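If you want the building blocks of each chain, they are given just below.
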Amino acid sequence: PPPALSLGTVLAPLCMLRNLSSLAPFSILGTVGLGFTALAMAFRYLSGSYATASPLLAAVAAPLQPAFGVAGWKAFFKPKSAILLCMLSTAYLAHYNAPKFFNELQNNTVARYNKMVGLSFLLSMTLSVSVMSFGFLTFGGAASGLILNNYANIDPLMTFCRVAVAAAIVASYPLTFVGVREGTFDLLNVPVKDRTPSAVNKMTFALLAAFTGGALVVKDLSMILSVGGATLGNFLVFIAPALMFRATFKGPESGTERRVAGSIGAFGVVMGALGCYMSFAK
């Protein structure tokens, strides 16, 4: 089957790489593909290709056709917006690979590392905002969790974008997977000396099989993003840093900072609870 073929011939070899710098060409390819997709979505919106009575719109399933309400910008202040905020908390979670990125960076000074991180986050933010904005402007409330599902199958431009996004996912998958694999070893208390190439390969295949099996079952990507963001994302972005700060700085001179940290942590708890409730309600 195609999933097993891609797992064994593409993902597994990439995930077994020991050096993340080897993934640089694939990462560049993925970034180019995402950039092209953002431009294609902008073109389709500005050209009105999915406006009323267009040929492409007729080829889109009814539940995925554009649907717009009347609330306008005020809808942002409704509880449902918590779903979006929870999704956003998963957009920049790359801290688990930070040590590897620093160690493998050429001439790895702190200044060069900060510059790399700043430019990477700026590019990621630009792509994320562009795709989110043009996807919503085109399809409104009918926008799918995977926005490319909204575009017609007979649309050649967006078909190419699907291929480009697939390449981007394959290219970026190993970067995330490495963090999961190392975290699993840590949770199992496996000493570094015991993480032999054989052990790493076995763990790689076990995790890939589990994740691929789950991906074949789960159909609603937006649910995964919103619930994951509401729980783990909010914990890592808002709650955990606040707890660590309050545990580290306990003197009276840090009273104001501790209160601010506590407020940030409380905000994370509230947003997480609201996001989970709205995700399941939706």
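Residues numbered from 1 in each chain as written. Predicted model: local features only at pLDDT ≥ 70, side-chain atom pairs only at ≥ 80, totals over all residues. Heavy atoms only, no water.

- If you look the protein chain up in an unreviewed UniProt entry, it shows as Amino acid transporter transmembrane domain-containing protein from Tetraparma gracilis.
- Per UniProt, the protein chain has the following entry under Subcellular location (unreviewed entry): "Membrane". (UniProt positions renumbered as here; feature names shortened; annotations may be inferred.)

1. Some details on the overall build of the protein chain
Now for step 1: On a plain count of helices and strands, the protein chain comes out with 10 helices and zero strands.
Now for step 2: Along the chain direction, N to C, the helices and strands of the protein chain fall in the order α-α-α-α-α-α-α-α-α-α.
Now for step 3: Each of the three principal axes of the protein chain carries a C-alpha extent, and together these read 60 × 50 × 40 Å.
Now for step 4: Buried positions account for 30% of the 282 residues belonging to the protein chain. (Helix = DSSP H or I, 4+ residues; strand = E, 2+ residues; numbered from the N terminus. Buried < 20%, exposed > 50% of the residue type's maximum accessible area, 1.4 Å probe, protein only.)

2. Let's talk about the pattern of salt bridges
Now for step 1: Enumeration over the complete set of coordinates arrives at five salt bridges.
Now for step 2: Linking E182 and R195 is a salt bridge whose minimum nitrogen-to-oxygen distance equals 3.2 Å. Taken together, the residues span a long stretch of sequence, with E182 in helix α7 (residues 156-187) and R195 in the loop between α7 and α8 (197-217) at a distance of 13 residues.
Now for step 3: Take E182: its relative accessible area is 24%, and that puts it in the partly exposed class.
Now for step 4: R195 serves as the salt-bridge partner of D186, at 2.6 Å between the closest nitrogen and oxygen.
Now for step 5: Judged by its relative accessible area of 19%, R195 is buried.
Now for step 6: The structure contains a network of salt bridges with shared partners spanning R181, E182, D186 and R195. (Salt bridge = Lys/Arg side-chain N within 4 Å of Asp/Glu carboxyl O.)

3. Section: the nonpolar core
Now for step 1: By size, the foremost hydrophobic cluster in this structure holds 13 residues, and its most contacted members are Y50, L148, Y151 and M158.
Now for step 2: Looking at this core, the elements with two or more residues in it are α2 (24-46) and α7.
Now for step 3: A per-element tally of this core places α7 first, with three residues.
Now for step 4: Residue contacts for Y151: discarding those within four places in its chain leaves M41, R44, Y50, V60, T138, F139, M158 and R162. (Core = buried A, V, L, I, M, F, W, Y, C linked by side-chain atoms within 4.5 Å. Contact = heavy atoms within 4.5 Å.)

4. Details of the packing of aromatic side chains
Now for step 1: In this structure the tally under the stated criterion is 11 aromatic pairs.
Now for step 2: Through a chain of ring-to-ring contacts, the aromatic side chains of Y50, F139 and Y151 assemble into a single cluster. (Phe/Tyr/Trp six-rings, centres within 6.5 Å; stacked < 30°, edge-to-face > 60°.)

5. Focus: a nonpolar patch on the surface
Now for step 1: There is a patch of nonpolar side chains on the surface, built from W73, F76, F77, L84, L85, L88, L119, L122, M125, V129 and M132 and spanning about 1100 Å² of accessible area.
Now for step 2: Contributing elements (two or more residues each) for the nonpolar patch: α4 (81-88) and α6 (110-139).
Now for step 3: Looking at which element gives the most residues to the nonpolar patch, the answer is α6, with five residues.
Now for step 4: With respect to the helices and strands, L84 occurs in helix α4. (Patch = residues over 30% accessible without salt bridge, like charges linked within 9 Å, V, L, I, M, F, W, Y side chains within 5 Å. Areas by Shrake-Rupley, 256 points an atom, 1.4 Å probe, with all protein chains shown as cover.)

6. Here's the deal with the UniProt feature "transmembrane region" (unreviewed entry) in the protein chain
Now for step 1: When the UniProt feature table is mapped onto this chain numbering, "transmembrane region" (unreviewed entry) sits at residues 20-43, 55-76, 119-137, 157-178, 199-218, 224-248 and 260-280.
Now for step 2: The span residues 199-218 is 95% helix and 0% strand, and its two end C-alpha atoms sit 29 Å from each other.
Now for step 3: Overall, residues 260-280 shows 100% helix and 0% strand. The separation of its end C-alpha atoms is 30 Å.

7. Quick word on the environment of K250
Now for step 1: Tracing the backbone shows K250 in the loop between α9 (221-248) and α10 (255-281).
Now for step 2: A relative accessible area of 65% places K250 in the exposed class.
Now for step 3: Along the primary structure K250 and D186 are separated by 64 residues, whereas in three dimensions their C-alpha atoms are 29 Å apart.

8. Remarks on the side chain of D155
Now for step 1: Structurally, the position occupied by D155 is in the loop between α6 and α7.
Now for step 2: Assessed through its relative accessible area of 0%, D155 is described here as buried.
Now for step 3: At 2.7 Å, the side chain of D155 and the side chain of R44 are in polar contact. (Polar contact = N/O pair within 3.5 Å; in protein donor to acceptor, adjacent residues only side chain to side chain.)

9. Quick notes on the environment of S54
Now for step 1: Its place among the elements puts S54 in the loop between α2 and α3 (55-58).
Now for step 2: Its relative accessible area of 11% is what places S54 among the buried residues.
Now for step 3: Sequence-wise, S54 and T256 are 202 residues apart; in three dimensions their C-alpha atoms are separated by 58 Å.
Now for step 4: Not counting the four nearest positions on each side in its chain, S54 is found in contact with G48 and S49.

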